[in-house]
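Tertiary structure, described
Chain by chain, the residues:
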Amino acid sequence: MTHHAPAGAPLTLFNSLSRATDPFVPIDPAMVRIYSCGPTVYNFAHLGNLRAYVFTDTLRRTLNWKGYAVNHVINITDVGHLTSDADAGDDKMEAAAERAGKSIWEIAAFYTAAFKADLARLNIRTPTLWSTATDHVQDMIAFAREIADKHCYRLDSGLYFDSGSVPDYGRLAGARGEETVGRIAEVDGKRNPSDFAIWRASAPGERRQMEWQSPWGPGAPGWHLECSVMSMKYLGAQFDIHTGGIDHREIHHVNEIAQNQAYTGCAETGANWWMHNNFLIDRGGKMSKSAGGFATLQSLVDRGVHPLAYRLLCLSAHYRSELEFSTDSLSAALTRLRRLVIAVSALRDKAGEAGWMRVLDEAEAGRGASSAWQRAAIESGLSDAGRKLLTQFDEAISADLMMPRALPLIEDVAAMKALPADERLRLVATMDLALGLDLIRLSRADLRLRPARAAISEEAVEARIAARRAARAEKDFATSDAIRDELMAAGIEIMDGDPLGWDWAIALD
Ligand code: AMP
Ligand code: ZN
């Protein structure tokens with residue numbers, strides 16, 4: 001089989017290293033290799049964390065859509081990530097286990113499973129490989145041994161990386177110099193403030209739950225080491241794309257690059273593209289894991305918000321922009337998802353069961369693989385008008401994943417009366433391979449989640465609405481208003497004359 005550059009608009013991706021949007025050229029066009037920094041599994045992921053994985057999934061789906069197969073590794077950090085970016089503070093895992101009176105392994109297993117369940121609810125494709133840090137400690141020790149002589153020095157507290165020993169340390173973080181890359185002082189005896197621990201030796205007499213023997217005494221690996229080691233092990237010394245949140249651009253990825261350079265002895269950074277999603281901002285301050293109460297995906301579900309409304313919220317902003325999280329932005333996303341789902345349901349009704357099933361089969365087959373042949377099946381026989389829309393869609397997602405521009409196009413398709421329902425359904429299906437909103441399958445009923453605290457069942461709502469309709473037909477507005485207030489008190493909002501015919505919705509507080 002020969003591989004050639006996929007047809008369509010040229011894909012460009014912003015590279016934090018060059019600080020430019022560069023045409024994407026894979027190292028091996030047959031398989032694009034991506035490493036994404038994974039979660040620290042000491043607690044549930046908050047919605048900000050999940051934005052990072054909606055971003056990597058958008059990247060991966062776009063590559064798939066454009067015909068590339070992708071080898072995607074996400075790591076699970078179950079050791080080494082400290083409560084502060086300085087080499088001080090506790091290991092987040094140790095601290096969480098102590099608080100809960102459980103073993104670290106129990107904590108890690110529980111939150112790893114919860115994380116994977118969150119990704120599934122967001123329709124995020126499973127990575128090719130989940131790679132767990134504690135399964136790779138011997139690899140980390142071997143890596144550290146390789147670079148110890150030339151690039152590291154020992155202090156009582158462990159083995160430290162000398163950041164002055166590699167060329168242009170901190171280039172990824174940009175020209176801000178001391179105030180950013182230099183901000184991790186705090187350990188006595190460091191040669192440079194930006195030096196960091198590769199091995200954290202246990203203090204004499206201290207027993208950690210997680211501890212390994214090493215040439216530098218018993219202890220645990222530093223957090224940055226795991227990503228260098230696992231990305232190199234599974235994707236090679238130089239792969240295509242490394243992703244993470246924007247916070248990783250300043251320290252974590254800077255230090256990974258330094259370790260990679262030390263190990264390979266060359267100036268290559270380890271990945272051709274370093275890509276970073278901007279933050280989800282929560283002015284209400286609910287997202288911080290350490291602050292106790294924070295917004296999880298489950299907390300949205302408990303309020304009756306479908307998880308894919310959160311995915312849509314993420315897609316409505318470009319990944320490099322800050323995104324504000326609020327009740328308003330969330331309910332706008334939910335409304336937008338509802339409108340799409342209602343429009344697609346109507347198309348499904350028009351196209352008939354058989355037509356819909358055929359599109360569904362085509363969209364299902366080869367899930368997660370390169371979508372080239374899958375798209376060819378769905379898109380065969382499209383009209384010129386349909387193809388024109390797809391070209392616009394392709395241009396949008398190919399322009400550094402401009403999903404905010406792609407979303408209105410799928411909305412246009414749903415509303416294009418000139419095209420037959422079957423064709424519109426197929427356009428939605430193919431676009432949704434990239435957007436991942438599950439639009440071909442979702443129904444109105446799926447979107448109506450019962451809030452955890454709702455005091456009323458779906459049937460009861462329908463019954464009260466029928467009673468209200470009857471009252472209104474008899475111009476008994478007192479009864480009609482009373483029913484409305486009664487439902488409102490139960491968390492159900494009635495929408496009179498809703499153009500979408502939605503009738504009622506769960507009220508967000
Ligand atoms: P952690 O579990 O803390 O290791 O973080 C997992 C991922 O979430 C990392 O890629 C972080 O950069 C990213 N991240 C953390 N907070 C936010 C936020 N508020 N918005 C977007 N991404 C975030
Ligand atoms: Zn990492």
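Residues numbered from 1 in each chain as written. Chains lettered and ligands numbered in written order. Predicted model: local features only at pLDDT ≥ 70, side-chain atom pairs only at ≥ 80, totals over all residues. Heavy atoms only, no water.

1. A short note on the overall build of the protein chain
If you tally the helices and strands in the protein chain, you get 17 helices and 15 strands. In the protein chain, which comprises 509 residues, the proportion classed as buried is 57%. Nonlocal contacts in the protein chain, meaning residues at least 24 apart in sequence, comprise 75% of its contacts between residues at least 6 apart. Approximately 21000 Å² of the protein chain is accessible, and the part contributed by carbon and sulfur atoms is 52%. (Helix = DSSP H or I, 4+ residues; strand = E, 2+ residues; numbered from the N terminus. Buried < 20%, exposed > 50% of the residue type's maximum accessible area, 1.4 Å probe, protein only. Contact = heavy atoms within 4.5 Å. Areas by Shrake-Rupley, 256 points an atom, 1.4 Å probe, with all protein chains shown as cover.)

2. Digging into the pairing of strand β8 (residues 196–201)
Among the six residues in β8, six count as buried, and that is most of the element. One ladder, built from four bridges, connects strand β7 (residues 158–161) with β8; its direction is antiparallel. Directly across from L159, in β8, lies its bridge partner W199. Of the pairings in the sheet, the one linking β8 to strand β9 (residues 219–221) comprises three bridges and is antiparallel in character. Opposite W199, over in β9, you have P221 as the bridge partner. (Pairing = 2+ DSSP bridges.)

3. Overview of helix α12 (residues 384–398)
The terminal C-alpha atoms of α12 lie 21 Å apart, and with 15 residues this matches the ideal 21 Å at 1.5 Å per residue to within 8%. G386, L389, L390, F393, D394, A396, I397 and S398 are the residues of α12 that are buried. The inward-facing, buried residues of α12 abut β1 (12–15), α1 (47–65), α11 (372–379), α13 (403–415) and α14 (421–435). Two residues or fewer past α12, D400 is found with a positive phi of approximately 55°. (Expected span 1.5 Å × (residues − 1).)

4. Some words on the coordination of the zinc ion (ligand 2)
Six octahedral donors around a metal ideally subtend angles of 90 or 180 degrees, whereas four tetrahedral donors ideally subtend 109.5 degrees. Ligation of the zinc ion (ligand 2) by protein atoms is provided by C37 (SG), C227 (SG) and H252 (NE2), these donors lying 2.1 to 2.2 Å from the ion. Motif for the zinc ion (ligand 2), donor spacing along one chain: C-x189-C-x24-H. Remark: C227 occurs in helix α6 (residues 223–235) and C37 occurs in the loop between β3 (32–36) and α1; sequence separation between them is 190 residues. As far as the burial class goes, C37 and C227 line up, both buried. (Donors = N, O, S within 2.8 Å, 3.2 Å for Na, K, Ca; no water.)

5. Description of the sheet that holds strand β5 (residues 129–132)
Strand order across the open sheet formed by five strands is β5-β4-β3-β10-β11, with parallel pairing between neighbours. Since the sheet does not close on itself, it has two edges, and those belong to β5 and β11 (271–277), each with one partner. Averaged over all pairs of adjacent strands, the angle between strand axes in this sheet comes to 20°, irrespective of strand direction. By the bridge criterion, three bridges tie β3 to strand β10 (residues 239–245) in an arrangement that is parallel. Bridging from a neighbouring strand, Y35 pairs with H242 of β10. (Axes fitted to C-alpha atoms, helices over the stretch in contact; angles between N-to-C directions.)

6. As for α11
Listed in full, the buried residues belonging to α11 are Q374, R375, I378 and E379. The arc enclosing the buried residues of α11, seen along the axis, measures out at 120°, which places them on a common side. At the exit of α11 stands G381, carrying a positive phi of roughly 80°. (Arc of directions from axis to C-beta.)

7. Digging into the packing of α12 against α14
Interaxial distance between α12 and α14 falls to 11 Å at its minimum, and their mutual angle equals 10°. On the basis of their axis angle, the class for α12 and α14 is roughly parallel. Facing G386, L389, L390, F393 and I397 of α12, the residues of α14 in contact are E423, L427, T430, M431, A434 and L435. Classifying every residue of the contact of α12 with α14 by side-chain character gives eight nonpolar, two polar and one charged. (Parallel < 35°, antiparallel > 145°, perpendicular 65-115°, else oblique. Nonpolar A, V, L, I, M, F, W, Y, C, P; charged D, E, K, R; others polar.)

8. Re the nonpolar core
Within the largest apolar cluster, 66 residues are counted, with the highest numbers of intra-cluster contacts made by L47, L50, Y310, L337, F393 and L439. Counting residues per element, the ones that place at least two in this core are α1, α3 (104–121), α8 (297–302), α9 (307–315), α10 (327–364), α12, α13 and α14. The biggest single contributor to this core is α10, with eleven residues. Apart from the residues lying within four places of it in its own chain, the contact partners of L439 are L337, L340, V341, V344, I410, V428 and D432. (Core = buried A, V, L, I, M, F, W, Y, C linked by side-chain atoms within 4.5 Å.)

9. Looking at the pattern of salt bridges
In total, this model carries 17 salt bridges according to the counting rule given. Residues R200 and D91 are paired through a salt bridge, measuring 3.3 Å at the closest nitrogen-oxygen approach. You can see R200 sitting in strand β8 and its partner D91 sitting in the loop between β4 (70–76) and α2 (92–100), a full 109 residues away along the chain. No difference in accessibility class separates R200 from D91, as the two residues are buried. Across the pair K233 and D139 runs a salt bridge whose closest N-O atoms are separated by 2.9 Å. Of this pair, K233 sits in helix α6 while D139 sits in helix α4 (residues 137–151); the two residues are 94 residues apart in sequence, bridging distant segments of the chain. Among the charged side chains, a salt-bridge network with shared partners connects D57, R61 and R311. (Salt bridge = Lys/Arg side-chain N within 4 Å of Asp/Glu carboxyl O.)

10. A look at the site of ligand 1
Ligand 1 sits among 19 residues. The nearest are T40, G48, G245, D247 and L280. At 3.0 Å, a backbone N or O of T40 approaches an oxygen atom of ligand 1. With the chains in place, 93% of the 500 Å² that ligand 1 exposes on its own is no longer accessible. Among the elements of the structure, α1 and β10 are those that each provide at least two residues to the shell around ligand 1. When residues in the shell around ligand 1 are grouped by element, the largest group, four residues, is from α1. Considered class by class, the residues forming the shell around ligand 1 number six nonpolar, eleven polar and two charged. (Near = heavy atom within 4 Å. Polar contact = N/O pair within 3.5 Å; in protein donor to acceptor, adjacent residues only side chain to side chain.)

11. Points about the side chain of R33
Secondary-structure assignment places R33 in strand β3. Notably, R33 is buried but unbridged: the nearest opposite-charge side chain belongs to D240, and the N-O separation is 4.3 Å. Not counting the four nearest positions on each side in its chain, R33 is found in contact with I27, N71, L235, G236, Q238, F239, D240 and I241. (Lys, Arg positive; Asp, Glu negative; His and termini not counted.)

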